[in-house]
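One letter stands for each residue in the lines below.
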Amino acid sequence: IMHYIGTTIGFGCLIMLALTWQLKWLGYGLLAGYAFAWASHALIEKNRPATFKYPLWSFISDWRMWFE
C-alpha cells in the first residue's frame, strides 16, 4: 500500500509538471515516490530496497506494480 500511495503521489506530481512546466514537480514526485517506498521497506518489510543496487529496475517495477 505504501508503494502504491507514493507512486500515486508521484503520478500527481507528473501531472502538475505537465500542467505548469515547473521542474520542482519532478523533484517532488521522485521524493514522494521513493520516501514512501523506502519507509515501507524499512518499517514494514524489514529489508533493503532494490533502488540502491538496481535504480532503473526499481523505478520501472514500482510503476508496473501501480498499473497492476
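Definitions and cut-offs
- Residues numbered from 1 in each chain as written.
- Predicted model: local features only at pLDDT ≥ 70, side-chain atom pairs only at ≥ 80, totals over all residues.
- Heavy atoms only, no water.
- Helix = DSSP H or I, 4+ residues; strand = E, 2+ residues; numbered from the N terminus.
- Buried < 20%, exposed > 50% of the residue type's maximum accessible area, 1.4 Å probe, protein only.
- Contact = heavy atoms within 4.5 Å.
- Axes fitted to C-alpha atoms, helices over the stretch in contact; angles between N-to-C directions.
- Parallel < 35°, antiparallel > 145°, perpendicular 65-115°, else oblique.
- Nonpolar A, V, L, I, M, F, W, Y, C, P; charged D, E, K, R; others polar.
- pLDDT = per-residue confidence, 0-100.
- Patch = residues over 30% accessible without salt bridge, like charges linked within 9 Å, V, L, I, M, F, W, Y side chains within 5 Å.
- Areas by Shrake-Rupley, 256 points an atom, 1.4 Å probe, with all protein chains shown as cover.
- Salt bridge = Lys/Arg side-chain N within 4 Å of Asp/Glu carboxyl O.

*Asks:* How do you make sense of the environment of Thr 8 when you look at a structure like this?
*Replies:* Within the fold, Thr 8 resides in helix 1 (residues 2-20). What makes Thr 8 partly exposed here is its relative accessible area of 31%. C-alpha separation for the pair Thr 8 and Trp 63, spaced 55 residues apart in sequence, amounts to 9.4 Å.

*Asks:* Would you mind going over the side chain of Thr 7 with me for this structure?
*Replies:* One can find Thr 7 in helix 1. Its relative accessible area of 6% is what places Thr 7 among the buried residues. Leaving out residues up to four positions away in the same chain, Thr 7 has contacts with Gly 33, Asp 62, Trp 63 and Trp 66.

*Asks:* Any chance you could explain unusual backbone geometry here in plain terms?
*Replies:* Excluding glycine, most residues fall at negative phi; most peptide bonds, likewise, are trans. In the Ramachandran plot, Trp 21 falls in the positive-phi region, its phi being about 60 degrees despite a non-glycine side chain. By the secondary structure assignment, Trp 21 is in the loop between helix 1 and helix 2 (24-45). Positive phi values are uncommon outside glycine, yet Lys 46 reaches one of about 55 degrees. Position of Lys 46 among the secondary structure elements: in the loop between helix 2 and helix 3 (55-67).

*Asks:* What is the right way to look at the packing of helix 1 against helix 2 in this model?
*Replies:* The description of two helices packed together rests on the angle between their axes and the distance between the axes. Two numbers describe how helix 1 lies on helix 2: the axes approach to 7 Å, and their chain directions differ by 175 degrees. Accordingly, the angle class assigned to the pair helix 1 and helix 2 is roughly antiparallel. Across the contact of helix 1 with helix 2, the residue classes tally to 15 nonpolar, nine polar and one charged.

*Asks:* Would you mind going over the confidence of the model for the protein with me for this structure?
*Replies:* If pLDDT is low for a region, its predicted coordinates should not be looked at in detail. This prediction gives the protein a mean pLDDT of 93; 100% of its residues lie at or above 70. Looking at the elements of the protein, mean pLDDT is at its lowest for helix 3, recorded as 89, and at its highest for helix 1, recorded as 96.

*Asks:* Help me out: how do you make sense of a nonpolar patch on the surface in this one?
*Replies:* On the surface, Phe 11, Leu 14, Ile 15, Leu 19, Leu 23, Leu 26, Leu 30, Leu 56, Phe 59 and Ile 60 cluster together into a nonpolar patch covering about 940 Å² of accessible area. Contributions of two or more residues to the nonpolar patch are made by helix 1, helix 2 and helix 3. For the nonpolar patch, the element with the highest residue contribution is helix 1, accounting for four residues. Judged by its relative accessible area of 43%, Ile 60 is partly exposed.

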